[in-house]
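Each chain, letter by letter, is given below.
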Amino acid sequence: KFGVYISKTILTIGIIILPVEKVHLKFCKLYLGFGRKTSNIASRSELGKYSLIINVFKRIFKYVTHLNSLPETTISKQAFLISKDLFIKKSNSFYGKAMDIVKILNCNRAIPDPDSLTTNLVESCVKDTKENYQRFWRHKLENSSKLTFYTNIKEDYELETYLTTITNSNQRKSLTQLRLSNHKLMIELGRYENIPRDDRICKSARQEKLKRTITS
């Protein structure tokens, strides 16, 4: 099954799309109190959450590191060596899947093969992957008209403190809606009515503007 996941993995500048990631996104939005139309990258970053698959890869890498440290007389190490032999013979194997992960995460320069995996290399690769995702995230924010406000207030990719300090759930949700532009203000509703951004004025402001025009 893991091999199927790898074959279905889509990497675009650091983002990974898998079935499990869709579930994770739904959870993030549910926690924040939003629907499916809310921005994916904003929902994740508000909670400081990365792609789940990064942690999955990290665990696999650590397990391979453990296998490398075992004596060759152990059954687990023998199985690993058999897997490596199958890989050399271009047959499907765990060793081959580990190599696929290294290539997917673009770590093949630092980690030429699973045999050279160390704890430090694993941590370094995971760190680089997260940094790549942060660059992708920042690029998406800066090029999203919907997230213009969020781009100006979101500085770091981390859990926002208000999510744990505001105990009133309605107040917390309202603040999140404002931050992520998931509200019913005209600046957002006008988007779905094809109203130019500069003309998305709320009714109260429009009436006040008209009143001033008449009385001036």
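The structure under discussion appears in the preceding block.
Residues numbered from 1 in each chain as written. Predicted model: local features only at pLDDT ≥ 70, side-chain atom pairs only at ≥ 80, totals over all residues. Heavy atoms only, no water.

A word on the overall build of the protein chain
Note the following rule: The numbering of helices and of strands both runs from the N terminus, where a helix is a DSSP run of H or I of at least 4 residues and a strand a run of E of at least 2. Partly exposed describes any residue whose relative accessible area lies between the buried limit of under 20% and the exposed limit of over 50%, with all areas from a 1.4 Å probe on protein chains only and scaled to the type maximum. Note on contacts: a residue pair is in contact if any heavy atoms of the two residues lie within 4.5 Å.
Summing up its helical and strand segments, the protein chain has twelve helices and two strands in all. Of the regular secondary structure in the protein chain, the N- to C-terminal order runs α-β-β-α-α-α-α-α-α-α-α-α-α-α. Sorting the 216 residues of the protein chain into buried and exposed places 36% on the buried side. Within the protein chain, residue pairs in contact and separated by at least 24 positions form 56% of the contacts whose partners lie at least 6 positions apart.

Quick word on the packing of helix α5 (residues 75-88) against helix α6 (residues 94-104)
Definition in use: Axes, fitted as lines to C-alpha atoms, cover a helix only where it is in contact. Angles between the N-to-C directions of the axes lie from 0 to 180 degrees. Each angle gets one of four labels, with under 35 degrees taken as roughly parallel, over 145 as roughly antiparallel, 65 to 115 as roughly perpendicular, and the rest as oblique. Polar here means any residue outside two lists: the nonpolar Ala, Val, Leu, Ile, Met, Phe, Trp, Tyr, Cys and Pro, and the charged Asp, Glu, Lys and Arg; Gly therefore counts as polar.
Here α5 crosses α6 at 70 degrees, and the two axes come no closer than 6 Å. On the basis of the axis angle, α5 is roughly perpendicular to α6. Along its contact with α5, which presents F80, S83, K84 and F87, the element α6 presents F94, Y95, G96 and M99. Of the residues assigned to the contact of α5 with α6, the class counts are five nonpolar, two polar and one charged.

Some points on a nonpolar patch on the surface
The cut-off we apply is this: Patches here are clusters of residues that have more than 30% relative accessible area and form no salt bridge, with a 9 Å joining cutoff for like charges and a 5 Å cutoff for nonpolar side chains (Val, Leu, Ile, Met, Phe, Trp, Tyr). Accessible surface is estimated by sampling points in the Shrake-Rupley manner with a 1.4 Å probe; for residues, cover comes only from the protein chains shown. By convention in these notes, a salt bridge is any Lys or Arg side-chain nitrogen within 4 Å of a carboxyl oxygen on Asp or Glu.
A cluster of nonpolar side chains, F149, I153 and L178, forms an exposed patch at the surface whose accessible area comes to about 240 Å². Structurally, the position occupied by L178 is in helix α10 (residues 169-179). Taking the relative accessible area as the measure of exposure, L178 reaches 40% and is therefore partly exposed.

Brief notes about α6
The periodicity of an α-helix, 3.6 residues per turn, causes residues three or four positions apart to be oriented the same way. Most of α6 sits inside the fold, with eight of its eleven residues counted as buried. Every buried residue of α6 is listed here: Y95, G96, K97, A98, M99, I101, V102 and I104.

Concerning the side chain of K29
Mapped onto the secondary structure, K29 falls in helix α2 (residues 19-32). Excluding residues within four positions of it along the chain, K29 makes contact with F34, G35, R36, T38, S39, N40 and S43.

Some words on the packing of aromatic side chains
Filter applied, for reference: Pairing of aromatic side chains here covers Phe, Tyr and the six-membered ring of Trp, requires ring centres within 6.5 Å, and sorts the geometry by plane angle: under 30 degrees stacked, over 60 edge-to-face, intermediate tilted.
Applying the stated criterion to the full structure yields nine aromatic pairs. Pairing F80 with Y95 gives two aromatic rings, centres 5.6 Å apart and planes at 50 degrees, and the pair type is tilted. Of this pair, F80 sits in helix α5 while Y95 sits in helix α6, and the two are 15 residues apart along the sequence. Residue classification places Y95 among the buried residues on the basis of a relative accessible area of 3%. Ring geometry for Y133 versus F136: centroids 5.8 Å apart, planes at 45 degrees, classification tilted. One end of the pair is Y133 and the other is F136, both in helix α7 (residues 119-142) and three residues apart, which spans about a single turn. The buried category is assigned to Y133, whose relative accessible area is 1%. One aromatic cluster in this structure is built from Y50, Y133, F136, W137 and Y157.

Thoughts on unusual backbone geometry
A positive phi angle, near 65 degrees, is found at K90, a position not held by glycine. Within the secondary structure, K90 sits in the loop between α5 and α6. By relative accessible area, K90 is classed as exposed at 78%.

Focus on the packing of helix α4 (residues 52-69) against α5
Interhelical geometry of α4 versus α5 gives an angle of 110 degrees and a closest axis separation of 9 Å. Considered as vectors, α4 and α5 are oriented roughly perpendicular to each other. Across the interface between the two elements, V64, L67 and N68 from α4 touch S76, K77 and F80 from α5. In terms of residue class, the contact of α4 with α5 is built from three nonpolar, two polar and one charged.

Read these as geometric descriptors, not functional statements.
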